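Residues per chain, in single letters:
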Amino acid sequence: MNPHLLSTQWQTLPEPVIRRLQARKLQRYLRDVVLPFSAHYRELFHEHGLAPDSIRSLHDLQRLPFTSKADLLNSPDHPNRVRDFLLIPDERVLAHRPATILNALLHGRARVKDGFEAEFRPIFMTSTTGRAADPIPFLYSRHDLENLALTGRRTFAVCGAERPWRLLNLFPYAPHLAFWQTHYGGAEFGVFTASTGGGKVAGTDGNLRFIRKLDPDVLIGMPTFIYHVLNQAAEEGARCANLKRIVLGGEKVPDGMRRKLRDLAADLGAKNVDIVATYGFTESRMAWAECPTPPNESPSGYHLYPDLGIIEIIDPHSGEVMLDGQPGEIVFTPLDARGTVVLRYRTGDIIDGGITYEPCPHCGRRLPRLVGNISRSSEFKTMQLDKIKGTLVDFNQLEHVLDDLPGVGAWQLELRKRHDDPLEVDELVLHVQKSNGCDDARLMRDLHNRFVAQTEVHLNRIAFHDATEMRALHGVGVQIKEQKIVDHRPNGRTGPGANGMAHDSEHLAHRAGGDEVKLKAAA
């Protein structure tokens, strides 16, 4: 079977062929790239008695231990732990390979050296966001940047972009995946792309000026920030009738947010705008997108690139690989990465529809897709609701509870201590910007009822705000990312001095598994 088939036909292959070709590519990748040059995985394979030939099928991948963010964190014994995950080539190993010798004879030593530098020498960096610990850098070689551009081009294609269109990038300018995936992807796809740097660079007014001047076909950015920008545009009577697509990343995108953005776009004169979401994380160094779907149908799922990485869905407790279509934790293994490399990386993100290899019912592409809603481990928080014990509260479905409720525009949940006393119990305050002029008493009753039904805890207070006050609470133009859940308790990581970027998530989804916030019972 043609070994290049996985790359040339990445969106047309049936599951058995994909899995067979992925296993072959993984074996070669481990043998030629990872084990010779990765200090961490060379030692790990030795400890477990593994070799590249141990991985003959994707089922054999389960023999390899997981990697998690904890493995990347520095310690007194390992002050630069992430360096062990950096591929550092051994010139002697490379020089003795038959392919190297042949290329040197055909093209000269200088060209061979330049090729190895392009493949392995780090020249670029993105990082995790550092909300719970120091940011962790992930390094890219020129080879990796070419893959970043390739995956960006594919993302644009899956989203249904067209080259004559104009795209406005509203992701925050930072060393994070979302901005740079869009930057390189736009250039590779060939669409005109202007980047505002997000709210912290240009502010809401600056982004509105870009929209008025550019009249974009596509807006791409974080859902909450785009909501604030479009809401202010509607308040000011702006027009953006040319808008055809809104592409979202860095946060979860519930149906209610899609509806609100679609309605705001209609207020600006843009009818039938497609809302599509993306998912990615720093450790993967790529993002995946949904294809456009009609408003009344379920999202198509994130279209994966089987030639560049393997996604497993595992039971988060046992670590067992789940069957197709079953929920579980997302685990990622690259197939063509250089620079910083992690294998079987546990994201901490739970996908409720699992993975499917069925052809996409909307675009027809035949590739693996992640389907359903993604929950993040960092949104389980311990609340001290009484003076006896802590209660673990799952805030993962808040977007679906609140954004799907008519009458709710923007919102923010605040965790705080009663009377700001560190020894007191915790309180929950929900800040809400109303929409559509709904009745205060009815909306407050609906919010209380929905919140209790979802979280099994009661709100202490609901505070209503206008759009200007809500933008201030979210930190629009101040924080890198707008804050929807803030923890103002002692030792809480979100607040005026905290880094505001998620997503991992970078959830471009900004994901949270890689930036998990762990809170003890009273903190």
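Structure first, text after, so check above.
Residues numbered from 1 in each chain as written. Predicted model: local features only at pLDDT ≥ 70, side-chain atom pairs only at ≥ 80, totals over all residues. Heavy atoms only, no water.

Re the overall build of the chain
- When helices and strands are counted, the chain shows 15 helices and 21 strands.
- By the compact-globule yardstick of 24 Å for 523 residues, the chain fits well, its C-alpha radius of gyration being 24 Å.
- Accessible surface, the chain: about 22,000 Å² in total, of which carbon and sulfur atoms supply 50%.
- Treating the 64 positive side-chain charges of the chain as one cloud and the 66 negative ones as another, the clouds have centres 4 Å apart. (Helix = DSSP H or I, 4+ residues; strand = E, 2+ residues; numbered from the N terminus. Rg over C-alpha atoms; globule rule 2.2 N^0.38 Å. Areas by Shrake-Rupley, 256 points an atom, 1.4 Å probe, with all protein chains shown as cover. Lys, Arg positive; Asp, Glu negative; His and termini not counted. Charge placed at Lys NZ, Arg CZ, Asp CG, Glu CD.)

Considerations on the pattern of salt bridges
- In the structure shown here, the tally under the stated rule is 24 salt bridges.
- Of the charged contacts, one joins D336 and R338 as a salt bridge, the two residues approaching to 3.5 Å between their closest N and O atoms. We note that D336, like R338, is buried. (Salt bridge = Lys/Arg side-chain N within 4 Å of Asp/Glu carboxyl O. Buried < 20%, exposed > 50% of the residue type's maximum accessible area, 1.4 Å probe, protein only.)

Regarding the side chain of D144
- On the secondary structure map, D144 appears in helix α8 (residues 142-158).
- Of the residues examined, D144 reaches a relative accessible area of 5% and is grouped as buried.
- Within the local environment of D144, its side chain forms a polar contact with the backbone nitrogen of R338, the two atoms lying 2.8 Å apart.
- Beyond its immediate chain neighbours, meaning those up to four positions away, D144 contacts L139, R285, D336, A337, R338 and G339. (Polar contact = N/O pair within 3.5 Å; in protein donor to acceptor, adjacent residues only side chain to side chain. Contact = heavy atoms within 4.5 Å.)

Examining unusual backbone geometry
- Positive phi values are uncommon outside glycine, yet N272 reaches one of about 60 degrees.
- You can see N272 is positioned in the loop between α12 (255-267) and β7 (274-281).
- With a relative accessible area of 73%, N272 lands in the exposed category.
- Notably, R285 is not glycine yet its phi reads approximately 60 degrees, a positive angle.
- Residue position: R285 is located in the loop between β7 and β8 (286-289).
- On the basis of relative accessibility, which here comes to 7%, the residue R285 falls in the buried class.

Quick word on the environment of I311
- With respect to the helices, strands and loops of the structure, I311 is situated in strand β10 (residues 309-314).
- The exposure class of I311 is buried, given its relative accessible area of 10%.
- Each C-alpha atom, one on I311 and one on R369, is 9.5 Å from the other, the two residues being 58 residues apart in sequence.
- I311 has contacts with W288, L304, I330, V331, F332, I355 and L370, leaving out every residue within four places of it along the chain.

Here's the deal with the sheet that holds strand β21 (residues 485-487)
- The four strands are arranged β20-β19-β18-β21 in an open sheet whose pairing can be described as mixed. In the strand order of this sheet, the two ends are held by β20 (461-465) and β21, each with one partner. On average, each strand axis in the sheet is tilted by 20 degrees relative to the strand beside it, whichever way the strands run.
- Note that strand β19 (residues 426-434) and β20 share five bridges and pair parallel. (Pairing = 2+ DSSP bridges. Axes fitted to C-alpha atoms, helices over the stretch in contact; angles between N-to-C directions.)

Focus on the state of the cysteines
- Tallied over the entire structure, the rule returns zero disulfides.
- Summary of cysteine pairing: C159 is not part of a disulfide, and the nearest cysteine sulfur, belonging to C291, is at 8.9 Å.
- Judged by its relative accessible area of 5%, C159 is buried.
- The thiol of C360 is unpaired, and the distance to the nearest cysteine sulfur, on C291, comes to 3.6 Å. (Disulfide = S-S within 2.5 Å.)

Digging into the pairing of β10
- In terms of burial, β10 is largely enclosed, as six of its six residues are buried.
- Alternating residues of β10 divide into G309, I311 and I313 and I310, E312 and I314, and every residue in both groups is buried.
- With six bridges connecting them, β10 and strand β11 (residues 328-334) associate as antiparallel partners. If you follow I311 over to β11, its bridge partner there is F332.

What about α8?
- Taking 1.5 Å per residue as the helical rise, α8 with its 17 residues ought to reach 24 Å, and the 24 Å between its terminal C-alpha atoms agrees with that figure.
- Burial analysis of α8 places 13 of its 17 residues in the buried class, which makes it a mostly covered element.
- G160, located one to two residues past α8, shows a positive phi value of around 85 degrees. (Expected span 1.5 Å × (residues − 1).)

Focus on the sheet that holds β10
- What the four strands build is an open sheet, ordered β10-β11-β12-β15; its pairing is antiparallel. Sheet topology places β10 and β15 (374-376) at the edges, where each strand pairs with a single neighbour. Each strand axis lies, on average, 40 degrees off the axis of its neighbour in the sheet, ignoring direction.
- Note that strand β12 (residues 345-351) and β15 share three bridges and pair antiparallel. If you follow I350 over to β15, its bridge partner there is S375.

Focus on the environment of I313
- The topology assignment puts I313 in strand β10.
- C-alpha separation for the pair I313 and V393, spaced 80 residues apart in sequence, amounts to 24 Å.
- Not counting chain neighbours up to four residues away, the residues in contact with I313 comprise E320, V321, M322, Q326, P327, G328, E329, I330, I351, G354, I355 and L370.

Section: the packing of aromatic side chains
- Considering all chains together, one arrives at 17 aromatic pairs under this definition.
- Three or more aromatic residues joined by ring pairs make a cluster, and in this case those are F124, Y140, Y173, F179, W180 and Y184.
- If you follow K260 out to its NZ or CZ, it ends over the ring of Y227, 5.5 Å from the centre.
- Cation over ring: R285 sits above Y140, and NZ or CZ is 5.2 Å from the ring centre. (Phe/Tyr/Trp six-rings, centres within 6.5 Å; stacked < 30°, edge-to-face > 60°. Lys NZ or Arg CZ within 6 Å of the ring centre and 35° of its normal.)

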